[in-house]
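# Analysis of the macromolecular model
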Amino acid sequence: MKQTDSITGYHAHVYFDAATVAQARTLCQQAAAQFDVEMGRVHEKPVGPHPMWSCQLAATPEQFARLLPWLALNRNGLVVFAHPETGNALEDHSDHGIWLGAGLKLDLSVFG
């Protein structure tokens with residue numbers, strides 16, 4: 001059984017499209033302000049393994065424990081993909097992911 005002490009942090013990726021970019025930007029800005037998490041760029045194109053436009057929220061394990069329930073209740077139809085950071089990006093994205101909303105297919109080939 002794997003130990004959770006290998007988790008150094010979490011990423012939550014908020015997915016959106018041209019019609020929901022403003023909604024996603026506002027959600028991420030609110031999350032960053034309320035939980036003191038790091039907000040990444042708002043990518044208006046698929047980046048890395050992500051199949052849609054996205055914005056990343058980076059959180060410590062302690063922040064994530066409060067952030068995830070808040071995202072679940074405030075995402076207003078946006079899909080959120082969250083995963084731990086353990087040092088194994090392929091496993092973090094394929095085996096350890098958490099979906100809020102419909103799960104989507106990630107492009108795992110980027111992890112070689």
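Look a little higher up for the structure.
The sections below set out a description of the structure shown in this document. These numbers were taken from a predicted model, which means no experiment stands behind them. (Residues numbered from 1 in each chain as written. Predicted model: local features only at pLDDT ≥ 70, side-chain atom pairs only at ≥ 80, totals over all residues. Heavy atoms only, no water.)

### Some words on the nonpolar core
Threshold: Residues belong to a common nonpolar core when they are buried Ala, Val, Leu, Ile, Met, Phe, Trp, Tyr or Cys residues joined through side-chain atoms within 4.5 Å. Relative accessibility thresholds used throughout: buried, under 20% of the residue-type maximum; exposed, over 50%; partly exposed, between the two (1.4 Å probe, protein chains only). Numbering goes from the N terminus for both helices and strands, where a helix is a DSSP run of H or I of at least four residues and a strand is a run of E of at least two. We call two residues in contact when some of their heavy atoms are within 4.5 Å.
Counting residues in each nonpolar core, the largest one holds 25 residues, and the members touching the most others are Ala 12, Val 14, Phe 16, Leu 57, Leu 67, Trp 70 and Leu 71. Of all the elements in the fold, those that place two or more residues in this core are β1 (9-16), α1 (21-35), β3 (53-59), α2 (61-74) and β4 (80-85). Among the elements that make up this core, the one with the highest residue count is α1 (6 residues). When sequence neighbours within four positions are dropped, the list of residues in contact with Leu 71 reads Ala 12, Leu 27, Leu 57, Val 80 and Leu 100.

### Some details on unusual backbone geometry
The phi torsion at Asp 36 lies on the positive side, around 55°, for a residue other than glycine. If you trace the backbone, Asp 36 turns up in the loop between α1 and β2 (38-43). With phi around 45°, Asn 76 is a residue other than glycine that occupies positive phi space. Following the sequence through the fold, Asn 76 ends up in the loop between α2 and β4.

### So, the sheet that holds β2
For clarity, the cut-off: Should DSSP find at least two bridges between two strands, the strands are taken to pair. Inter-axis angles, ranging from 0 to 180 degrees, are taken between N-to-C directions of lines fitted to C-alpha atoms, where helices are fitted over the stretch in contact.
Taken in spatial order, the 5 strands of this open sheet run β2-β3-β1-β4-β5, and their pairing is antiparallel. The open sheet terminates on both sides in strands that have one partner only, identified here as β2 and β5 (98-100). Averaged over neighbouring strand pairs, the angle between their axes works out to 20° when direction is ignored. When β2 meets β3, the two strands line up antiparallel, connected through 4 bridges. If you follow Met 39 over to β3, its bridge partner there is Leu 57. Taken strand by strand, α1 contacts β1, β2 and β3, and its axis lies near 170° from that of β2. Sitting on the sheet, α2 touches β1, β3, β4 and β5, and the angle it makes with β3 is about 140°.

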